[in-house]
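Below, each chain spelled out in residue letters.
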Amino acid sequence: RNSGQITQAVNENKSSEASGAGEGSKKNVVVTTSFLQDMVEQIAGDTVDIKLIIPAGEDPHLYVAKPEDYTKLSEADLTLYHGLHFEGKMVEALEATGEAVSRNFPEDKIGTMDENGAVIVDPHFWFDIDLYKMAVEAASESLENLNPGYKDMYEKQKTKYIEELTELDNYVRENISSIPKESRYLITPHDAFNYFSRAYDIEVKAPQGVSTESEVANQDIQETIDFIVEHKIKAIFAESTTDPARMEKLREGAAAKGADVKIVKGEGNELFSDSLAPKGQDGDTYIDMYKHNVKLITDNLK
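Residues numbered from 1 in each chain as written. Predicted model: local features only at pLDDT ≥ 70, side-chain atom pairs only at ≥ 80, totals over all residues. Heavy atoms only, no water.

### Quick word on helix 2 (residues 34–44)
Counting buried positions along helix 2 gives nine out of 11 residues, so the element sits mostly inside the fold. All of the buried residues in helix 2 are S34, F35, L36, Q37, D38, M39, V40, I43 and A44. Positive backbone phi, at 55 degrees, marks G45, one or two positions downstream of helix 2. (Buried < 20%, exposed > 50% of the residue type's maximum accessible area, 1.4 Å probe, protein only. Helix = DSSP H or I, 4+ residues; strand = E, 2+ residues; numbered from the N terminus.)

This is how it looks when you write it as structure tokens:
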């Protein structure tokens with residue numbers, strides 16, 4: 001089905017359900033990613049039923065919606081999504097029925113990047129904690145409109161959470177600034193850390209653009225290898241949602257030029273970029289994910 005038909009089906013289902021919705025039942029909140037699942041849990045706790053579309057650990061750039069996802073969307077009382085084209089293959093259906101948590105972001109705070117010669121929006125806003133706070137405000141507003149009876153509770157939870165995010169920001173600043181300036185280079189598989197780079201003054205380089213779909217050109221790999229050798233970089237980082245083989249190419253290329261670089265990878269040693277960890281694992285909340293990343297970066301670059 002194309003996006004137009006999907007939207008129509010979602011809307012038809014919604015109107016037929018609205019007439020038969022039972023009193024006192026929990027509202028259905030559908031979220032696209034593990035980030036938003038955690039965000040809604042922080043604000044609304046168990047006052048709503050949360051349904052996740054893209055499972056934790058999967059790559060949202062490449063995710064293709066399944067029929068049951070459209071069923072979830074059609075049964076949603078509220079759908080929250082990132083926006084900024086993050087949910088690439090589902091964007092039309094989401095724009096038609098959902099609310100983007102990035103809807104109030106100021107233009108000048110939204111990053112752009114080059115993807116095969118075209119300028120595109122950088123969707124990885126969650127690595128800028130100030131923007132993440134704005135997303136929390138927007139999600140809270142949507143939840144309060146959905147459940148006005150819980151408004152005071154949601155406001156209280158939101159305020160508490162935003163204070164925790166301020167503490168997280170201080171933690172990140174302190175740790176990243178402990179890395180000597182000449183070692184402050186973060187090499188990752190795809191371009192997910194530009195907001196992080198700007199917020200915390202650490203140069204980031206990746207052989208692949210924003211979408212994990214694009215092919216990695218040999219020239220980009222070569223440029224990254226030269227950069228590693230030139231800056232005597234001692235560690236490069238694998239991600240939980242992309243193929244570590246890419247980093248192996250960088251390591252081999254650097255070794256051929258006499259530079260010894262370590263790949264930080266393997267269970268529990270990967271950076272989270274486009275997803276939190278699955279529930280019950282280290283990094284399964286936004287704050288834990290961020291601390292995990294910062295500890296990994298600091299420990300290996302200091």
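### Re the sheet that holds strand 4 (residues 99–100)
In spatial order, the strands read 2-1-3-4; together these four strands make up an open sheet with parallel pairing. Of all the strands in the sheet, just strand 2 (48–52) and strand 4 have a single pairing partner and so form its edges. By the bridge criterion, two bridges tie strand 3 (residues 78–81) to strand 4 in an arrangement that is parallel. Across the sheet, Y81 pairs through a bridge with A100, a residue of strand 4. (Pairing = 2+ DSSP bridges.)

### Some words on the packing of helix 8 (residues 218–230) against helix 9 (residues 245–256)
Interhelical geometry of helix 8 versus helix 9 gives an angle of 55 degrees and a closest axis separation of 9 Å. Overall, the two elements helix 8 and helix 9 adopt an arrangement that is oblique. The crossing of helix 8 and helix 9 is right-handed. Residues I221, T224, I225, I228 and V229 of helix 8 touch helix 9, and the partners they reach there are K249, L250, G253 and A254. Per-class residue counts for the contact of helix 8 with helix 9 are six nonpolar, two polar and one charged. (Axes fitted to C-alpha atoms, helices over the stretch in contact; angles between N-to-C directions. Parallel < 35°, antiparallel > 145°, perpendicular 65-115°, else oblique. Left-handed = near helix turned anticlockwise from the far one by under 90°. Contact = heavy atoms within 4.5 Å. Nonpolar A, V, L, I, M, F, W, Y, C, P; charged D, E, K, R; others polar.)

### As for the pairing of strand 3
Neither face of strand 3 is left uncovered, since the one carrying L78 and L80 and the one carrying T79 and Y81 both have all their residues buried. On the question of chirality, the crossover connecting strand 3 to the parallel strand 4 by way of helix 4 (residues 91–97) is right-handed. (Right-handed = clockwise from strand over helix to strand, strands pointing away.)

### As for the pairing of strand 1 (residues 27–31)
Here strand 1 lies mainly inside the structure; four of its five residues are buried. Taken together, strand 1, helix 2 and strand 2 form a β-α-β motif whose crossover is right-handed. Both strand 1 and strand 3 contribute to a ladder of three bridges, which runs parallel. Among the inter-strand pairings, V30 is bridged to a residue of strand 3, identified as T79.

### A look at the environment of Y132
Tracing the sequence through the fold places Y132 in helix 5 (residues 129–146). Of the residues examined, Y132 reaches a relative accessible area of 1% and is grouped as buried. For the pair formed by Y132 and L165, sequence separation is 33 residues and the distance between their alpha carbons is 8.6 Å. Those residues in contact with Y132, other than ones at most four positions away along the chain, are F35, M39, F125, W126, Y161, L165 and Y286.

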